[in-house]
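A structural walkthrough
Single-letter residue listing:
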Amino acid sequence: MRKEIKTVVYDDELRLEAYCFEGVVQPFPNHFHEYYVIGFVEGGERCLSCRNQEYTIGKGNVILFNPGDSHACIQTDDGTLDYRGFNITKEVMLDLAEEVTGKRELPGFSQNVICDEEITCYLRPLHELVMNGSLEFGKEESLLFMLSLLIQRYGQPFEECIPECREEIEQACAFMEEHFTERIYLDQICCHAGLSKSTLLRAFTKSKGVTPYCYLENIRIGAAKKLLEQGVAPIEAALQTGFSDQSHFTNYFNRFIGLAPGVYREIFLKGDGTGGEQHGE
């Protein structure tokens, strides 16, 4: 079997993460991110579920996730996944969108899986420039051209990509976002939302695409990423974000992000534009 290699680089100039997965067989469970994901598949075939739809993705497909889009994927052939992508925070996307459209509003991608050769012509070279630590303005130029095409062809107001949610579900989310560092019980969430357990679980999963517990773990992982980026040790990040122990934290972080917490932290400790790399058999 091919050696599994996962490499991540943070570009200070563009303020985004670029990552490269080669030879990956790891499935990714249903989860979401608080940031945009723009990626493309270089090899392998996977079944992707996103926003209650299923896709077969393979070489040449471009993947677009809005913040909050729940998704999962698993290998469907005998090969492995080769994948490159960018993670872009909402704050950075807001600046980029204003630059290319003149309007300071978040875009929402109307499709999650596309096949667009012109987009790929910008995406792959841009990714290589970032991974190689280029300091030339060509990478910023490529990023703006790429986003201009994406927004023009697949963009809509971000609010239109968010499914309508019952007020009670939003109250449940707000409670978890406020108390994620604590041990939370299902009874507490139900009481705050004013719903029974069965109604909450059914309505929440339908609205958000993930269960309340998965939503809570995603919040914790997002907060832990920020701490690791600041150089906080993995054990401290685990304790500060509500995980019961470092083992639990490491397992969840690796499942959702694809890297061990320590490897992710090293990317930002180096501070020289180089990336962290993780190998496996």
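Anything mentioned here points back to the structure above.
This write-up is about the structure you can find in this document. Fair warning: this is a prediction, and the values are worked out from it, not measured in the lab. (Residues numbered from 1 in each chain as written. Predicted model: local features only at pLDDT ≥ 70, side-chain atom pairs only at ≥ 80, totals over all residues. Heavy atoms only, no water.)

Turning our eyes to something else, we now look at the environment of Val 113. Tracing the chain through its elements places Val 113 in strand S11 (residues 113-114). Linking Val 113 and Ile 63, residues 50 residues apart in sequence, is a C-alpha distance of 4.9 Å. If sequence neighbours within four positions are ignored, Val 113 has contacts with Leu 48, Tyr 55, Ile 57, Asn 61, Val 62 and Ile 63. (Helix = DSSP H or I, 4+ residues; strand = E, 2+ residues; numbered from the N terminus. Contact = heavy atoms within 4.5 Å.)

Take the side chain of Asn 61 next. On the secondary structure map, Asn 61 appears in the loop between strand S6 (53-57) and strand S7 (62-65). The class of Asn 61 is buried, set by a relative accessible area of 13%. A distance of 2.9 Å separates a polar side-chain atom of Asn 61 from the backbone nitrogen of Gly 58. (Buried < 20%, exposed > 50% of the residue type's maximum accessible area, 1.4 Å probe, protein only. Polar contact = N/O pair within 3.5 Å; in protein donor to acceptor, adjacent residues only side chain to side chain.)

Below, the discussion takes up the pairing of strand S5 (residues 46-50). Going residue by residue along S5, you find Arg 46, Leu 48 and Cys 50 tucked away on one face and Cys 47 and Ser 49 left uncovered on the opposite face. When S5 meets S6, the two strands line up antiparallel, connected through five bridges. The residue of S6 that forms the bridge with Arg 46 is Ile 57. Hairpin remark: S5 followed by S6, antiparallel, with two residues in the connecting loop; positive phi at Arg 51, about 50 degrees. As defined by bridge partners, S5 adjoins strand S8 (residues 71-75) across five bridges and the pair is classed as antiparallel. Across the sheet, residue Arg 46 finds its bridge partner in S8, namely Gln 75. (Pairing = 2+ DSSP bridges.)

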